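Read off the chains here:
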Amino acid sequence: MSADAYLIILCDHPGCEYPEGHWPVRFEPHTHRELRRLLRTRGWRRTRADGDLCPTHAIQPTAAAA
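Residues numbered from 1 in each chain as written. Predicted model: local features only at pLDDT ≥ 70, side-chain atom pairs only at ≥ 80, totals over all residues. Heavy atoms only, no water.

## Thoughts on the environment of C16
- Here C16 shows up in the loop between β1 (8–10) and β2 (20–22).
- By relative accessible area, C16 is classed as buried at 16%.
- Sequence spacing of C16 and H57 is 41 residues, and the spatial spacing of their C-alpha atoms is 8.2 Å.
- Setting aside anything within four residues of it in sequence, one finds C16 in contact with C11, C54 and H57. (Helix = DSSP H or I, 4+ residues; strand = E, 2+ residues; numbered from the N terminus. Buried < 20%, exposed > 50% of the residue type's maximum accessible area, 1.4 Å probe, protein only. Contact = heavy atoms within 4.5 Å.)

And the structure:
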């Protein structure tokens, strides 16, 4: 039996109920950049402050954007 490693991205919004994004691919050929590209199709967004937001928080306006 062997263990595989999978990448995950965590939502940086405080109190998020959907805190992680992942893709069912092995770690070896993929990077976090590739994972973010794949998760973008599911609604995840990267912030200018190098954070990640899940689909729920990616569509909500923030105080900094207003």
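## Notes on helix α1 (residues 32–40)
- All of the buried residues along α1 are L35, L38 and L39. Along the axis of α1, the buried positions cluster into a sector of 95°, meaning they face one direction only.
- Those residues of α1 that are buried lie in contact with β1 and β2. (Arc of directions from axis to C-beta.)

## Side note on the pattern of salt bridges
- For the structure shown, the criterion picks out four salt bridges.
- Residues D52 and R36 are paired through a salt bridge, measuring 2.9 Å at the closest nitrogen-oxygen approach. Of this pair, D52 sits in strand β4 (residues 52–53) while R36 is found in helix α1, placing the two residues 16 residues apart along the sequence.
- The exposure class of R36 is partly exposed, given its relative accessible area of 25%.
- With a shortest N-O distance of 3.7 Å, R46 and D50 are connected by a salt bridge.
- Classification of D50 as exposed rests on a relative accessible area of 58%.
- Taken together, the salt bridges that share partners define one network made up of R36, R46, D50 and D52. (Salt bridge = Lys/Arg side-chain N within 4 Å of Asp/Glu carboxyl O.)

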